[in-house]
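Chain residues, written in single-letter form:
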Amino acid sequence: MVPASRDIAKKPKRVDDNHQARFTYLTYVPSVFAAGDASIPLTPHDMKSSAVLTALSALAVVYACGDGHDHTVARRSAASSQSSVTPPSRPLEWGDINIIHTTDSHGWLLGHQKASFPEPNYSGDFGDFASFVAHMKEIALKKDVDLLLVDSGDLHDGKTEDDSENFPRPHDWMDTQLEVLTVTTFVVLLFYSETTYSSRTTFQANKFFSQLPYDLLAIGNHELYIYNNTLDMHLNFVPKFKGRYLSSNVNITLPDKHGNYVSVPVGDRYAKFKTRKGRQVTSLGVLYDFTGAAKNTTVQKVEDMVKERWFAEAIQEEPDLFLLAGHMPVAKDNWPLVFNAIRAVHPYTPIIILGGHTHIRDCVQFDGRSMALESGRYMETLAAKLDKTSHSHGNGKDKSKPSKPKDIVFSRRYLDPNRVTYEYHTGHKNSQFDTSAGTSITKGLQALSKAFNLDFLFGTAPHDFTVTQAPYPSEDSSLSLFAEDALPIALAVNNTRSSIPNLIITNSGSQRFDIYAGTFTKNDQLTASPFADAFLYIPGIKLSLANDVLASLNGAGSDNRRSLIEERETVEYGLGYVDKRYRGWLQDMDRRHGVERRSAKNQTLGYVTTDIPEQSCPGVGDDTLHAPLPFFDVPDFVASKPPAVGDDDLIDLVFVDFIETQLLKILNTAQSDKTYTTADVSVYTPVLASEALGIYAQAAWN
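Everything in this summary refers to the structure shown in the same document. (Residues numbered from 1 in each chain as written. Predicted model: local features only at pLDDT ≥ 70, side-chain atom pairs only at ≥ 80, totals over all residues. Heavy atoms only, no water.)

### Focus on the overall build of the protein
Part 1 of the argument: Counting its secondary structure elements, the protein contains 16 helices and 24 strands.
Part 2 of the argument: Across the 702 residues that make up the protein, the buried fraction comes to 60%.
Part 3 of the argument: Surface accessibility of the protein: about 27400 Å² in total, with carbon and sulfur atoms responsible for 52%. (Helix = DSSP H or I, 4+ residues; strand = E, 2+ residues; numbered from the N terminus. Buried < 20%, exposed > 50% of the residue type's maximum accessible area, 1.4 Å probe, protein only. Areas by Shrake-Rupley, 256 points an atom, 1.4 Å probe, with all protein chains shown as cover.)

### Let's talk about the sheet that holds strand E11 (residues 351–355)
Part 1 of the argument: The strand order across the open sheet formed by six strands is E7-E8-E10-E11-E13-E12, and the pairing between neighbours is mixed. The outermost strands of the open sheet, each flanked by one partner alone, are strand E7 (270–274) and strand E12 (361–364). Direction aside, neighbouring strands of the sheet carry axes that sit 15 degrees apart on average.
Part 2 of the argument: Against the sheet, helix H7 (residues 335–343) engages strand E8 (280–287), strand E10 (321–327), E11 and strand E13 (370–375), with an angle of about 165 degrees to E11. (Pairing = 2+ DSSP bridges. Axes fitted to C-alpha atoms, helices over the stretch in contact; angles between N-to-C directions. Contact = heavy atoms within 4.5 Å.)

### Overview of the pairing of E10
Part 1 of the argument: Most of E10 sits out of view: seven of its seven residues are buried.
Part 2 of the argument: Burial of the side chains of E10 extends over both faces: Leu321, Leu323, Ala325 and His327 are buried on one face and Phe322, Leu324 and Gly326 on the other.
Part 3 of the argument: Relative to E10, E8 runs parallel, the two sharing seven bridges. Paired with Leu284 across the bridge in E10 is Leu324.
Part 4 of the argument: One ladder, built from four bridges, connects E10 with E11; its direction is parallel. Following the sheet pairing, Phe322 is matched in E11 by Ile351.

### What about the pattern of salt bridges?
Part 1 of the argument: Within this structure, the stated rule accounts for 20 salt bridges.
Part 2 of the argument: Among the salt bridges present, the one from Asp416 reaches Arg361, with a minimum N-O distance of 3.2 Å. With Asp416 in the loop between strand E15 (409–413) and helix H8 (419–426) and Arg361 in strand E12, this residue pair connects regions lying 55 residues apart in the sequence.
Part 3 of the argument: Look at the salt bridges and you will find they share partners, linking Asp128, Arg419, Glu423 and Asp434 into a network. (Salt bridge = Lys/Arg side-chain N within 4 Å of Asp/Glu carboxyl O.)

### A word on helix H9 (residues 436–451)
Part 1 of the argument: Along its 16 residues, H9 runs 22 Å from first to last C-alpha, staying within 8% of the 22 Å computed at 1.5 Å per residue.
Part 2 of the argument: Taken together, the buried positions of H9 are Gly438, Ile441, Thr442, Leu445, Leu448, Ser449 and Ala451.
Part 3 of the argument: Downstream of H9 by a residue or two, Asn453 has a phi angle that is positive, lying close to 55 degrees. (Expected span 1.5 Å × (residues − 1).)

Written out as structure tokens, the structure reads:
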């Protein structure tokens, strides 16, 4: 059985004390963040943002042009960027069984809309993808082969609002990510273009997904941060797929018809179905060992799942193919546990694994009759060609002893999700490419964007600011922009402690996406900095001690630095952090190919995938050839510029809320004059991390 749900404690509210910062709010002006559709009311989060922005009028800085202009921008058509997009390098290789795989879309349904590369590579929206799938289905019919559409989870991002009254909220810092609208790849990639705020957004995003003919879907960890989102998936989304939405090791607790609370699978444990060509398929939907789920949702460890009776019953009968979808990386995780359990019963049956979670492109073959594929943050196509003798198990003498058939010929391709790619592979161009269903989805997404006022204009970014493509610190670093420029301005708004020197510490992982030159909108703010973390502070800290805290957070000078970092990374991975693995993948990509390919200046920037030789995945995976993105390593924690005071002068040490326990421990290790506790910590400002860039943009980019 799935174990009882884990109780995640709520963060306690703070009580004002003598050194509590004081804040002044001006009158809320509804027009600041007015929704485009009057039928969708503003949320408390929107109202707070409006109050903060309105309060900027009290500052000496001019935060808006004040000329009566409409501060919204029309969303640029994705088609306008297609002239600069590199087409695919070769046609797709069709097999007997073909799979279009998406994973980690995180609501990126509107596509990437910026002109700086690599953004145009990913400019297709979910409507374009729907048209692509429809045309690919037609091609499969003409070729008389199977084509399946599979998703491996993380359709959503966690959001700030949870309307549940019957169940507690999950751990606050994990409850602060924002819902996103976006698309992903024969692999297609669904990229971030965010919508936000309440369970109604999840419902809206689910409506678009349910319009596509998915044959199989698996749950992701981002479906589990907010109980109401999980409940909506269970009650409204799962039934639309008629037994094909799988959550093999994930349960939700809810009342039955008698009012008794029971733990049941969010989706189905497994699925058995026939393809159009009559092939028997057995499928699972497995989530990695996620530890950050909301209360009353439960994730069973993979090692325990494979010991369950239902699991043994599910795999007992041999199908033509085991198709395993799951939100779990294909390397350095627990897929071998599932694979080996199946191989113990069926040593030669074809197995295809479609993983996810770490946002990278990856391919592994556990043996010659299997392939495990991870499709980054996109959608990926896997074309798997099954050989003609794949089910000939007799050896001609002893029929009870299966002989090993020959290996299967597999191919896979990572597609950049844009109309150039889609039109190239379908043979349909311009208006002939768009289907009525695809056009309807695109219009629906644009209407939803307008309803949430995502095009509200904060200002105009003067140039690109990137997380890892520029060194930190530097003028082109988004981490420098956030920590050194944006936070000092945003956190000082109507703050009575703003005249006291401070050092502000935050985590680099808070910046999830790059900022590109041009209009900086509400959507861009949510995409770049989605986490609504609060800021706390401790007064009366020596500047030298504050600097030591930052160095210690980043592991400098620690004898057991490696073990401490590994321990922290293990905890963070369980809670859902994937930045370390994703950035490591980017770093390896740049190290292998970066300088040489960029210096040639004959390829646009994008992903360059290199499969590890010992993994034995055949051929070249990338559909379009690119030069790798430049990569610069960044620290785990970054800070504002130190104030111009002496080392022994006292300052406010300001920090992001979820590192409080770690920071107090470091403070008490670095000095012995005082033992710091939570009683010494107070709220510094009502401004959240996710609001800082917008406030700064209104001050500096107008």
